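Structure at a glance
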Amino acid sequence: MTIVDRSPITRREWLTSERPSSRWQARLGHTYATWQRFQSNRLAMVGLSIIISLLIAAACADLLATHSPLVGDLSGARLQPPSLQHWFGTDDLGRDIYSRIVYGSRITLFVVVLVAIIAAPIGLLVGTTAGYLGGWVDAILMRITDVFLAFPQLILALAFVAALGPGIENAVLAIAITSWPAYARIARAETLTVRNVDYIRAVELMGAPPSRVVLRHIVPICTSSLIVRVTLDMAGIILTAAGLGFVGLGAQPPLPEWGAMIASGRRFILDQWWVAAAPGLAIVIVSLGFNLLGDGLRDALDPRRSGQ
Amino acid sequence: MMLQASDISTSRQTMSRAGTRTLAILAQFARFLLVAMTTYFGLLAVTFFIGRIIPVDPVLAVLGDRAPAAVVERTRREMGLDLPLIEQFYIYIKGVLQGDFGRSVLTTNPVMEDLRRFFPATLELATLGTLIGSCVGIPLGVLAAVKRGSWTDQVVRIFGLVGYSVPIFWMGLLLLVLFYVKLQWVGYPGRIDVAYEYSFTPITGLLLLDSALQGEWTVFSSVVHHIVLPALLLGYFSLAYISRMTRSFMLNELSQEYIVSARAKGLSEARVVWCHALRNAAVPLVTVIALSYASLLEGSVLTETVFSWPGIGLYITNSLQNADMNAVLGGTVLIGSVFIALNLIADLLYRMLDPRTRVQ
């Protein structure tokens, strides 16, 4: 209240000001404009709310879950249909499927975030370095990228996990190894567009070493398109992780990983279809959320190409 | 006199230009070959590396852990595992180039023989899936681009996004329950009815083609019953990608000036869209379709598991579960090779179809 009273302009006017008085104001104003564009996209907002729900589910799994995700009631509650007590029914070990899905959101988030943390920086660094330095560094780095890009992702991940041994950590590693090349390509393309622009020349003239030019002035340019790409890839990462879990090479029992849950429900699909259906639905909703969010982010961050 | 001289000089110029052009095309071809070879070399290096990091000792895997030390030592030497790593890699590459992936522990056949038997099933499924995806996806994408922003566009968009978001194995399971168990519209998992499995001798391994060639229409209908569901499923996934890219390319073309001039000439809207815009959008689309074909060949791993489809995917997953590394690596190299080949073909086609990308 005091802020509004003291300043002659409203907060909105301050944010949308044509002549920002500080870098801080300009940055906030830019963010505000992006948010406005994003907000006007209804599907993108649906995606955002799905992802926020996923975060809440993962954070408050202990509060949201009604039963233990690992210990079931073997005596009386095996393979029960959905009811008031077990919202999505129970699986073959008498475990509450709803609770397992809620806890499973943690594993999904773990996989997605870890892959993004490993793969995106590698791709960013390789791409920007190759694009900025050019010459034989570029040639070698891009050749390596091409080799990895030419690989069938799922099959390579399968082979890696088979060699490293099944488990969620190895699945993450395998997916990360197969997903950084795409980011390197994008980062390199972005770098090439700004490499000869005046402001980069100016920084170079001031005596900045290549590492500083790349890290402080080129990397920030690439991040927005990279964020979009990573968000769009998240759905693919979730599907690959679930696929690995389904074949038995991802998360191991009794972890409530959604793909592995589908695999264990497969045996009862004829009579107790909900055991496999519920976790699959969770995967669909979350990956749809990431896809919608990524689409919306792309339209909002890059108005030039919006709608395409 | 003057005229003649200039004539000669121009003809010499065109000659030399033609010469440089063939040279440039040859150089480009050489570069293509180089790219393909380095990529393939990388593929072999990575698969070799994977084969070496398995925690299981390959010697013990063959002999069991009760074999006497002398036998273990001798087998190790026979398998070439006592040689330096570089030499092992050399032997591995030499073997692969000769089509020798070793023997599968599970089927006891040479891996190459197994691959030859399993690959047609995967090929048939992926081809049909890509056909369905292109035939439905391209019109849908064009429709969405033409009616941009309308509810048709939104429906197509969501239909495609769902295709991007659904786990293929899960959808396969549910569809099997619905169409095979409940409605009985399609055949059970597998390629063909058991009744025909031994009476029918395939020629190429592509059962649809084989049965049609031999005029065995009952077999043909059985094959269709089995392939329709997995093919539709794969088709949906390829449709999701193709329709999305078609829409994007079409929007790009429809905003070009030649479209305005085509409309100004008084051409019908259908002609403008289908003959002018789509023809130009088709160039990048070829690449998209080739890539989607490649990803179907790969993505069929999970589909084949669900539909018990005796293809490469099922072969790889079965071998994985039995730690049969020779078979896994053989399958990986095969699919990787097809992947690389398709990528190259897409690249070449793109250059052939779009004159602007040709060398000057």
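In the nomenclature of an unreviewed UniProt entry, chain A is known as ABC transporter permease of Shinella curvata. The annotation that UniProt attaches to chain A under Subcellular location (unreviewed entry) is "Cell membrane". Its UniProt record, at the heading Sequence similarities (unreviewed entry), says of chain A: "Belongs to the binding-protein-dependent transport system permease family. OppBC subfamily."

Remarks on the environment of Met 325 of chain B
Assignment of secondary structure puts Met 325 of chain B in helix H14 (residues 325–353). With 275 residues separating them along the chain, Met 325 of chain B and Ile 50 of chain B place their C-alpha atoms 9.3 Å apart.

With respect to a nonpolar patch on the surface
A grouping of Ile 9, Trp 14, Trp 24 and Leu 28 of chain A is seen on the molecular surface, where their side chains present a nonpolar patch of about 390 Å² in accessible area. Residue placement: Leu 28 of chain A occurs in helix H3 (residues 23–39).

Some points on the UniProt feature "domain: ABC transmembrane type-1" (unreviewed entry) in chain A
Per the UniProt entry, the sites bearing "domain: ABC transmembrane type-1" (unreviewed entry) are residues 105–294 of chain A in this numbering. When the span residues 105–294 of chain A is considered, its composition is 83% helix and 0% strand, and the gap between its end C-alpha atoms is 19 Å.

What to know about the confidence of the model for chain B
All names here are of chain B. On average, residues of chain B carry a pLDDT of 81, and 90% of them reach 70 or more. Put simply, helix H2 (residues 58–63) is where chain B has its lowest mean pLDDT, 66, and helix H5 (residues 111–146) is where it has its highest, 91. Low confidence marks residues 1–6, where pLDDT is under 50. Its contacts with residues over four positions away, or in another chain, come to 0 contacts. The ipTM value of the predicted complex is 0.82, and its pTM value is 0.83.

A closer look at the packing of aromatic side chains
Within this structure, the stated rule accounts for 14 aromatic pairs over all chains. Summarising the aromatic geometry, the rings of Trp 35 of chain A and Phe 38 of chain A are spaced 5.9 Å apart at their centres and angled 25 degrees between planes, so their arrangement reads as stacked. In this pair, Trp 35 of chain A and Phe 38 of chain A are both assigned in helix H3, 3 residues apart and thus about one turn of the helix distant. Grouped by ring-pair contacts, the aromatic residues Phe 41, Phe 48, Phe 89 and Tyr 92 of chain B constitute a single cluster.

Quick notes on helix H12 (residues 269–306) of chain B
Residue and element names in this part refer to chain B. A rise of 1.5 Å per residue sets the reference length of H12, with its 38 residues, at 56 Å; its end C-alpha atoms lie only 45 Å apart and thus fall more than 12% short of the reference. Of all the bends found along H12, the most pronounced is centred on Leu 278 and spans about 45 degrees. Following H12 by one or two positions, Ser 308 adopts a phi angle in the positive range, close to 45 degrees.

Side note on the interface of chain B and chain A
Counting from both sides, the interface comprises 49 residues of chain B and, opposite them, 46 residues of chain A. Between chain B and chain A, roughly 4100 Å² of surface is buried when both sides are summed, and carbon and sulfur atoms account for 75% of that area. Inspection of the region where chain B meets chain A yields 2 salt bridges. The partner of Arg 157 of chain B in a salt bridge is Asp 295 of chain A, with the nearest N and O atoms 3.1 Å apart. Our count for the chain B to chain A interface comes out at 8 residue pairs in polar contact (both at pLDDT 80 or more). Elements with a minimum of two residues in the side of chain B that touches chain A: helix H1 (2–53), helix H6 (151–165), helix H7 (168–182), helix H10 (217–254), H12, helix H13 (312–321) and H14 of chain B. Sort the elements by how many residues they give to the side of chain B that touches chain A and H1 of chain B lands first, with 9 residues. By residue class, the composition of the side of chain B that touches chain A is 31 nonpolar, 12 polar and 6 charged.

Here's the deal with unusual backbone geometry
The peptide bond linking Pro 253 of chain A to Pro 254 of chain A adopts the cis configuration, its omega dihedral lying at 10 degrees. Counting through the fold element by element, Pro 254 of chain A comes out in the loop between helix H11 (210–247) and helix H12 (258–265). Look at Gln 184 of chain B: it is not a glycine, yet its phi comes out positive at around 55 degrees. On the basis of relative accessibility, which here comes to 61%, the residue Gln 184 of chain B falls in the exposed class. Phi is positive for Ser 308 of chain B, which is not a glycine, with a value near 45 degrees. Relative to the assigned elements, Ser 308 of chain B resides in the loop between H12 and H13. For Ser 308 of chain B, a relative accessible area of 36% gives the class partly exposed.

Notes on the environment of Val 273 of chain B
Residues and elements named next belong to chain B. With respect to the helices, strands and loops of the structure, Val 273 is situated in helix H12. Remark: the alpha-carbon pair of Val 273 and Ser 337, spanning 64 residues in sequence, is separated by 37 Å. Those residues in contact with Val 273 that sit more than four places away from it in its chain are Val 142, Val 146, Met 250 and Leu 278.

Observations concerning the nonpolar core
If you look at the biggest cluster of nonpolar residues, it comprises 147 residues, and the most contacted ones within it are Ile 50 and Phe 169 of chain B. Here the element with the most residues in this core is H11 of chain A; it accounts for 16 residues. Counting 17 residues, the second-largest nonpolar core is a separate cluster that includes Val 142, Ala 145, Met 250 and Leu 251 of chain B.

Parameters at a glance
Residues numbered from 1 in each chain as written. Chains lettered and ligands numbered in written order. Predicted model: local features only at pLDDT ≥ 70, side-chain atom pairs only at ≥ 80, totals over all residues. Heavy atoms only, no water. UniProt positions renumbered as here; feature names shortened; annotations may be inferred. Helix = DSSP H or I, 4+ residues; strand = E, 2+ residues; numbered from the N terminus. Patch = residues over 30% accessible without salt bridge, like charges linked within 9 Å, V, L, I, M, F, W, Y side chains within 5 Å. Areas by Shrake-Rupley, 256 points an atom, 1.4 Å probe, with all protein chains shown as cover. Salt bridge = Lys/Arg side-chain N within 4 Å of Asp/Glu carboxyl O. pLDDT = per-residue confidence, 0-100. Contact = heavy atoms within 4.5 Å. Phe/Tyr/Trp six-rings, centres within 6.5 Å; stacked < 30°, edge-to-face > 60°. Expected span 1.5 Å × (residues − 1). Bend = angle between axes of the 7 residues up to and from the residue. Buried area = accessible area lost by both parts, 1.4 Å probe. Polar contact = N/O pair within 3.5 Å; in protein donor to acceptor, adjacent residues only side chain to side chain. Nonpolar A, V, L, I, M, F, W, Y, C, P; charged D, E, K, R; others polar. Buried < 20%, exposed > 50% of the residue type's maximum accessible area, 1.4 Å probe, protein only. Core = buried A, V, L, I, M, F, W, Y, C linked by side-chain atoms within 4.5 Å.

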